[in-house]
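Summary of the model geometry
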Amino acid sequence: MKRKLMIFPLLICGAMLLNGCGNPENSNSESEMIYVKSVSLYDTIVDIYADPDAYIGKSYHMVGTLYPSEEDNGDKFYSIYAKPQSGGEGTGLELDWNDYNGFSDYDKVAVEGTIEKQKRVQHGVRNDYLVLKVSMLEKRD
């Protein structure tokens, strides 16, 4: 009887340890890298804009297209871009990175970084916008 009572607490402790080793997307630690699968990149970016508070401050690894855009003043900036699986128009998340040497428009890239909210004045109006503060950017084949 005593032996059975000792096994039960061990089983409970084991279950708690296994539960803590689950999916990194369910983790509370903001320092852990969350890997976004290419097939879900479009849906993830759409969700980032729909519920930014769930993503801000967390680190992500994404593979997508390096998509060029131009601001009203002519400055060029880039986004990590993906199209929906069903086809059609895609969407992107702006990258905060200062060195695109060696990259070309529309390269397939892997990017890692933390999602942040930044402020920008556009047409005289101060707006919040989301960016991926890049810590790593590399070409993919």
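It should be noted that the structure appears before, not after, this text.
This one's a predicted model, so the numbers in the text were calculated from it and none came from an experiment.

**Quick notes on the pairing of strand β6 (residues 125–139)**
Two faces make up the sheet, and in a regular strand the side chains alternate between them. Pairing analysis gives 3 bridges linking strand β4 (residues 91–96) to β6, with the strands arranged parallel. Residue Leu95 lies in a different strand from β6, and its bridge partner there is Leu132. Taken together, strand β5 (residues 108–122) and the strand that follows it, β6, pair antiparallel across an intervening segment of 2 residues, in which His123 is found at a positive phi of about 55°.

**Section: a negative patch on the surface**
On the surface, a cluster of negative charge is made up of Asp43, Asp47, Asp51 and Asp53. By the element assignment, Asp47 lies in helix α2 (residues 41–50).

**Overview of the packing of aromatic side chains**
Throughout the structure, instances matching the rule amount to 4 aromatic pairs. Aromatic pair Tyr67 and Tyr106: ring centres 5.7 Å apart, planes at 80°, arrangement edge-to-face. Here the residue Tyr67 occupies a position in strand β2 (residues 59–70), and Tyr106 occupies one in the loop between β4 and β5, the gap between them amounting to 39 residues. Residue classification places Tyr106 among the exposed residues on the basis of a relative accessible area of 51%. Look at Tyr78 and Tyr100: their rings are 4.5 Å apart centre to centre, the planes differ by 40°, and that puts the pair in the tilted class. Here Tyr78, found in strand β3 (residues 76–82), pairs with Tyr100, found in the loop between β4 and β5; they are 22 residues apart in sequence, far enough to count as distant. As far as the burial class goes, Tyr78 and Tyr100 line up, both buried. Following the ring pairs from residue to residue traces out a cluster consisting of Tyr67, Tyr81 and Tyr106. In this arrangement the basic side chain of Arg120 is found over the ring face of Tyr129, its NZ or CZ atom lying 3.9 Å from the centre.

Rules and cut-offs
- Residues numbered from 1 in each chain as written.
- Predicted model: local features only at pLDDT ≥ 70, side-chain atom pairs only at ≥ 80, totals over all residues.
- Heavy atoms only, no water.
- Pairing = 2+ DSSP bridges.
- Helix = DSSP H or I, 4+ residues; strand = E, 2+ residues; numbered from the N terminus.
- Patch = residues over 30% accessible without salt bridge, like charges linked within 9 Å, V, L, I, M, F, W, Y side chains within 5 Å.
- Areas by Shrake-Rupley, 256 points an atom, 1.4 Å probe, with all protein chains shown as cover.
- Salt bridge = Lys/Arg side-chain N within 4 Å of Asp/Glu carboxyl O.
- Lys, Arg positive; Asp, Glu negative; His and termini not counted.
- Charge placed at Lys NZ, Arg CZ, Asp CG, Glu CD.
- Phe/Tyr/Trp six-rings, centres within 6.5 Å; stacked < 30°, edge-to-face > 60°.
- Buried < 20%, exposed > 50% of the residue type's maximum accessible area, 1.4 Å probe, protein only.
- Lys NZ or Arg CZ within 6 Å of the ring centre and 35° of its normal.

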